[in-house]
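So the chains spell out like this:
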Amino acid sequence: MRIATYNVNGVNGRLPVLLRWLAEAQPHIVCLQELKAPQERFPENAIRDAGYDAIWHGQKAWNGVAILSRVGAPVETRRGLPGDPDDVHSRYVEAAVNGVIVASLYLPNGNPRPGPKFDYKMRWFERLIVHAAELLATGMPVVIAGDFNVMPTERDVRRPERWLDDALFAPEVRDAYARLLRQGWTDALRTIHPDETIYTFWKYFRGAFERNDGLRIDHILLSPSVADRLKDAQVDRTPRGWDKTSDHAPVWVSLRDKS
């Protein structure tokens, strides 16, 4: 089974790119972020015509997350990250899909730092850590995938010295990600590529993609029972080179069948 995550940077504006990638890559389950569309504007019919059932948590102009599946309809288990009833941002959706709990998340960017946006990012991260521990405690197979807006180590950014004051590379953000992993999660991409330079995001300007001046901020985390099934994890760079595409590339993991 192949599970992917893709920050589409506008699901309607990038719909031709998304549909082309779905047709070519044919992942079984896909987590999307940055839909930038209200609930009623999600392109459900086009997604269904591509062979996928979907659940989504939309928001006008900003945020938005979804889970697509061609191996059975996702059964929603949570909409919104628990811990703050006043948080109305559409950044988290979770579902049972084909025997796995799958969560799609879009963690806040947090810039500028310091400031209210950074404070919100850290509060959101702490809520994620609490909920992730609860998911692990169930003993169920769980995949948490999405745009974490975190570069975990210096290997995950081309020029780390230029990002020291950025909210994506702040010490407290990297520490929060490390604490999350220490619960027992496996960072699939880094497990398969422990020493490689590998990125998932490249800015649009100054030929960043062509120069491979990027960041690794899109991650797929696996609970222990899923990590035992990990065969491969890759960044699909090809769609990043297409016309009118997202500034992110899809990331995917391949899992062995349950024994």
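None of the values given here were measured: they were computed from a predicted structure.

Peer 1: Break down the confidence of the model for the protein chain for me, with residues and values.
Peer 2: The share of residues in the protein chain with pLDDT of 70 or more is 100%, and the mean pLDDT across the chain is 97. Helix 6 (residues 224-227) is the least confidently modelled element of the protein chain, averaging 97 in pLDDT, while strand 2 (residues 29-33) averages 99, the highest of any element.

Peer 1: How would you summarise helix 3 (residues 116-137) if you had to cite specific residues and measurements?
Peer 2: Taking 1.5 Å per residue, 22 residues should reach 32 Å; helix 3 reaches 32 Å between its end C-alpha atoms and fits that length. Looking one or two residues past helix 3, Gly139 carries a phi angle of roughly 75°, positive in sign.

Peer 1: Help me get a handle on the environment of Tyr120, residues and values and all.
Peer 2: Residue position: Tyr120 is located in helix 3. Residues Tyr120 and Asp87 lie 33 residues apart in sequence; the distance between their C-alpha atoms is 9.7 Å. Excluding residues that lie within four positions of it along the chain, Tyr120 makes contacts with Asp87, His89, Arg91 and Pro108.

Peer 1: Tell me about the sheet that holds strand 4 (residues 65-69), residues and numbers included.
Peer 2: Spatial strand order, 3-4-2-1-12-11: 6 strands in an open sheet with mixed pairing. Of all the strands in the sheet, just strand 3 (53-57) and strand 11 (230-235) have a single pairing partner and so form its edges. Strand after strand, the sheet turns through a mean of 15° between neighbouring axes, direction not considered. As judged from the 5 bridges shared by strand 3 and strand 4, these two strands associate in the antiparallel manner. Pairing of Ala54 across the sheet is with Leu68, part of strand 4. Packed onto the sheet, helix 1 (residues 15-25) meets strand 1 (2-7), strand 2 and strand 4 and runs at close to 165° relative to strand 1.

Peer 1: How would you explain the packing of helix 3 against helix 4 (residues 171-182) if you had to name every residue and give the values?
Peer 2: Contact geometry for helix 3 and helix 4: axes closest at 10 Å, N-to-C directions at 5°. In terms of orientation, helix 3 lies roughly parallel with respect to helix 4. Along its contact with helix 3, which presents Phe118, Lys121, Met122, Phe125, Glu126, Leu128, Ile129 and Ala132, the element helix 4 presents Glu172, Val173, Ala176, Tyr177, Arg179 and Leu180. Of the residues contributing to the contact of helix 3 with helix 4, the split by class is 10 nonpolar, no polar and 4 charged.

Peer 1: How would you sum up the pairing of strand 7 (residues 100-106)? Please name residues and give values.
Peer 2: On a regular strand, each side chain points to the face opposite its neighbour's, so the side chains alternate between the two faces of the sheet. The element strand 7 is extensively covered by neighbouring structure, given that 7 of its 7 residues are classed as buried. Because side chains alternate across strand 7, one face comprises the buried residues Val100, Val102, Ser104 and Tyr106, and the other comprises Ile101, Ala103 and Leu105, equally buried. As defined by bridge partners, strand 6 (residues 92-97) adjoins strand 7 across 6 bridges and the pair is classed as antiparallel. The residue bridging Tyr92 from the neighbouring strand is Leu105, located in strand 7.

Calculation criteria
- Residues numbered from 1 in each chain as written.
- Predicted model: local features only at pLDDT ≥ 70, side-chain atom pairs only at ≥ 80, totals over all residues.
- Heavy atoms only, no water.
- pLDDT = per-residue confidence, 0-100.
- Helix = DSSP H or I, 4+ residues; strand = E, 2+ residues; numbered from the N terminus.
- Expected span 1.5 Å × (residues − 1).
- Contact = heavy atoms within 4.5 Å.
- Pairing = 2+ DSSP bridges.
- Axes fitted to C-alpha atoms, helices over the stretch in contact; angles between N-to-C directions.
- Parallel < 35°, antiparallel > 145°, perpendicular 65-115°, else oblique.
- Nonpolar A, V, L, I, M, F, W, Y, C, P; charged D, E, K, R; others polar.
- Buried < 20%, exposed > 50% of the residue type's maximum accessible area, 1.4 Å probe, protein only.

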